[in-house]
Amino acid sequence: METRKGDRDPGMTQQPSSNPNPANEGRSVLQTAALYASGHTDPKAETERIFQAIELCPDKAIFTRLTPERAAREAEASAKRHREGRPVSLLDGVAVAWKDLFDFADLVTRAGSRILDEGAATADAEVLARLAAAGAITIGRVNMTEFAFSGIGLNPHFGTPVNPWSRDEPRVPGGSSSGSAVAVAAGLVPAAIGTDTGGSVRIPAAFNGIVGYKTSSGRWPMGGVFPLSPTLDTLGVFCRSVVDAVVVDAAARGMAAPDLRRGTLDGLRLLVPTNVVFDAIEPAVGDNFEAAIKRLEQAGVSVERRPFPAFDEIRALTARHGALVNLEAYALHKDRLGDAMIERMDRRVVKRIMMGAPITQADENAIREARRRLVAETAAAMEGHCLVAFPTVPHVAPSIAALEADEGVFSAVNTKTLRNTLLGNFLDWCGISVPNGFDAAGLPTGFLLSGAPGRDDHLLATALAAEGFIRAEAA
């Protein structure tokens, strides 16, 4: 029987991380592959080490279910392939954690909720099956915001994973893929898979000082993934470097090896919007972004700063007609909103779902027509060797206690947290958040590169070339 973890009292005291530098802990995908190739360890020993690390980890809100029996079977098969010199990919034997939206065969997909506890899945989610075919080890499921509906990452049912960079007090992990980000940032697994509807990969990546890659819609298969907003839902990966993201992306597309080469910064044009994304930004976030931009300019990148009219139009459209995510979330969950079920749901999630109730068919038509036009217009503006760059989130990870204590504060912070990233979902951009520094308290900030729909190869190839400059490694 697989082991369930994380069913704890949501009022349980949370402590700041004792890890002085999470970035120095844990192994990357490529480091793990290199250890296997050199014979220093094998997938069986590494998988056992990972489960021991999870058991010893003081934060019991990261994983909600472990799958040790499955992992042991997969590790045994992977170790045999490595002994025989025939690993099926660079991901063969690498441990991966999964957000609790992805179906596991014979297990219930709970979506971070207490009300979904019946009806086991008949098969693995398509993308999980693809990674398993590439030799990845399925470690278990990680925590998330209930129904994936927040950029903060709080969960009153299974506890809230604590940002490993917390020093003064427990800080939020970011959401909704909270456990995915913390599992990687805390050094427990080399990679974790999440979903991104309004920023749920890129936000936690920025808050936790790791890389988070969000795909364009359709790049990875969505079969067997519990939805929030079918129009806006995309998938992505948390890892320690851009090259790790490239390796996982290849496996998620059913490939044994990546088919893209490192890009070039020569001739790269970065568009930096001057509207919306810098409003009320924290000084350290802005300073770190500008420092990275300067390093990229010194490397020969052309930077163009100008307003993006689409950003203002998206905000005006939402204010007038409502948000597409609220509309689709309400359509999905309205039959669950009876009194008995509401009492068992996160009240903050219920409030956001209910915001979709007043949206009319005329509103929906206006939103979808405007989206089609804006996607086309912005994609045309990003033709050629061009990406858009701005801070992933306008602030660092806030205090958990402050947001749990005041719903008004929570709502305001959640809106601000999602503000920058949700633009990319509306426009169907691919995006990758790369760590680019810290504030005075040692909390990470993120630098977001975004590409036009379907131009994920260009984004990833260019990010491979730009990563060192964004992180200041190549300065």
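Everything quoted here is computed from the prediction, not taken from an experiment.

Caption draft 1: Structural context of a nonpolar patch on the surface. Together, L30, L90 and V243 line one region of the surface with nonpolar side chains, adding up to about 200 Å² of accessible area. As for its position among the elements, L30 is in helix α1 (residues 29–38).

Caption draft 2: Local environment of the layout of surface pockets. Taken as a whole, the largest pocket encloses approximately 910 Å³ of empty space. Elements supplying a minimum of two residues to the lining of the largest pocket: α9 (309–321), α10 (324–333), α12 (347–354), α15 (407–419) and α16 (421–426). Broken down by element, the residue count for the lining of the largest pocket peaks at eight residues, all from α15. Considered class by class, the residues forming the lining of the largest pocket number 18 nonpolar, 13 polar and seven charged.

Caption draft 3: Geometry of the packing of helix α7 (residues 242–252) against helix α17 (residues 456–471). At a minimum axis distance of 9 Å, the contact between α7 and α17 shows a crossing angle of 160°. Here α17 runs roughly antiparallel to α7, going by the angle between their axes. The interaxial crossing formed by α7 with α17 has left-handed handedness. Two secondary-structure elements touch here, α7 through V242, V243, V246 and D249 and α17 through L460, A463, L464 and E467.

Caption draft 4: Summary view of helix α3 (residues 68–83). The terminal C-alpha atoms of α3, which comprises 16 residues, lie 22 Å apart, in line with the 22 Å expected from a rise of 1.5 Å per residue. Those residues of α3 that fall on the buried side of the exposure criterion are R70, A71, E74, A75, S78, A79 and R81. What you see down the axis of α3 is that its buried residues fit within an arc of 160°, all on one side. Residues of α3 that are exposed and point over 90 degrees away from its buried face: R73 and R83. Its buried side turned inward, α3 meets α2 (43–56), α4 (126–133) and β4 (137–142). G85 sits one or two positions beyond α3 and adopts a positive phi of about 70°.

Caption draft 5: How the structure looks around the packing of aromatic side chains. Within the structure shown, the criterion is met by 10 aromatic pairs. Ring plane angle 20° and centroid distance 5.0 Å describe the contact between F289 and F447, whose orientation is recorded as stacked. Here F289 is found in helix α8 (residues 283–298), whereas its partner F447 is found in strand β12 (residues 444–451), with 158 residues between them in sequence. On the accessibility criterion, F289 (1% relative accessible area) is buried. With a relative accessible area of 0%, F447 lands in the buried category. Ring geometry for F308 versus W429: centroids 6.2 Å apart, planes at 90°, classification edge-to-face. Residue F308 is found in the loop between β9 (302–306) and α9, and its partner W429 is found in the loop between α16 and β11 (430–438); the two are separated by 121 residues along the sequence. Classification of W429 by relative accessible area gives buried; the value is 1%. Joined through ring pairs, the aromatic side chains of F308, F311, F390 and W429 make up one cluster. Here the basic side chain of R348 rests over the ring of F410, its NZ or CZ set 5.2 Å away from the ring centre.

Here is what the cut-offs are and how they apply
- What you see as residue numbers is a count from 1 along each chain, following the sequence as written.
- A pLDDT threshold of at least 70 governs which residues receive local features in this predicted model, and a stricter bar of 80 or more applies before side-chain atom pairs are shown or counted, although totals over entire chains, interfaces and linings include all residues.
- To get the side-chain values, take all heavy atoms of the structure and skip hydrogens and water.
- For patch detection, residues must exceed 30% relative accessible area and be free of salt bridges, and they are connected within 9 Å for like charges or within 5 Å for nonpolar side chains (Val, Leu, Ile, Met, Phe, Trp, Tyr).
- Note that accessible areas follow from Shrake-Rupley with a 1.4 Å probe, and for residues the cover is restricted to the protein chains shown.
- When a carboxyl oxygen of Asp or Glu is within 4 Å of a side-chain nitrogen of Lys or Arg, the pair counts as a salt bridge.
- Strands here are runs of E lasting at least two residues and helices are runs of H or I lasting at least four, both read from the DSSP assignment and numbered beginning at the N terminus.
- Using a 1 Å grid laid over the protein atoms alone, points where a 1.4 Å probe fits but cannot get out form a cavity; open sets with protein on both sides within 12 Å along at least 5 of 7 lines form a pocket; any residue with an atom within 4 Å of a point counts as lining.
- Grid points are joined across faces, edges and corners, and a volume is the space filled by probe spheres set on the points.
- Three categories are distinguished: nonpolar for Ala, Val, Leu, Ile, Met, Phe, Trp, Tyr, Cys and Pro, charged for Asp, Glu, Lys and Arg, and polar for the others, with Gly belonging to the last.
- A fitted line through C-alpha atoms serves as each axis, taken over the contacting stretch for helices, and the angle formed by two N-to-C directions is quoted from 0 to 180°.
- When an angle is under 35 degrees it counts as roughly parallel; over 145 it counts as roughly antiparallel; between 65 and 115 it counts as roughly perpendicular; any other value is oblique.
- Here a crossing is taken to be left-handed if its near helix is turned anticlockwise relative to the far helix by less than a right angle, and right-handed if that turn runs clockwise.
- By the convention used here, residues are in contact when the closest approach between their heavy atoms is within 4.5 Å.
- In a helix, the anticipated span is given by 1.5 Å times the number of residues less one.
- Only protein chains enter the accessibility calculation, which uses a 1.4 Å probe; a residue whose area is less than 20% of its type maximum is buried, one above 50% is exposed, and one in between is partly exposed.
- Note: the arc covers the axis-to-C-beta directions of the helix.
- Aromatic contacts are taken between Phe, Tyr and Trp rings whose centres are within 6.5 Å, Trp giving its six-membered ring; a plane angle under 30 degrees counts as stacked, one over 60 as edge-to-face, and the others as tilted.
- Two thresholds decide whether a charge sits over a ring: the Lys NZ or Arg CZ must be within 6 Å of the ring centre and within 35 degrees of the ring normal.

In short, geometric facts, not functional conclusions.
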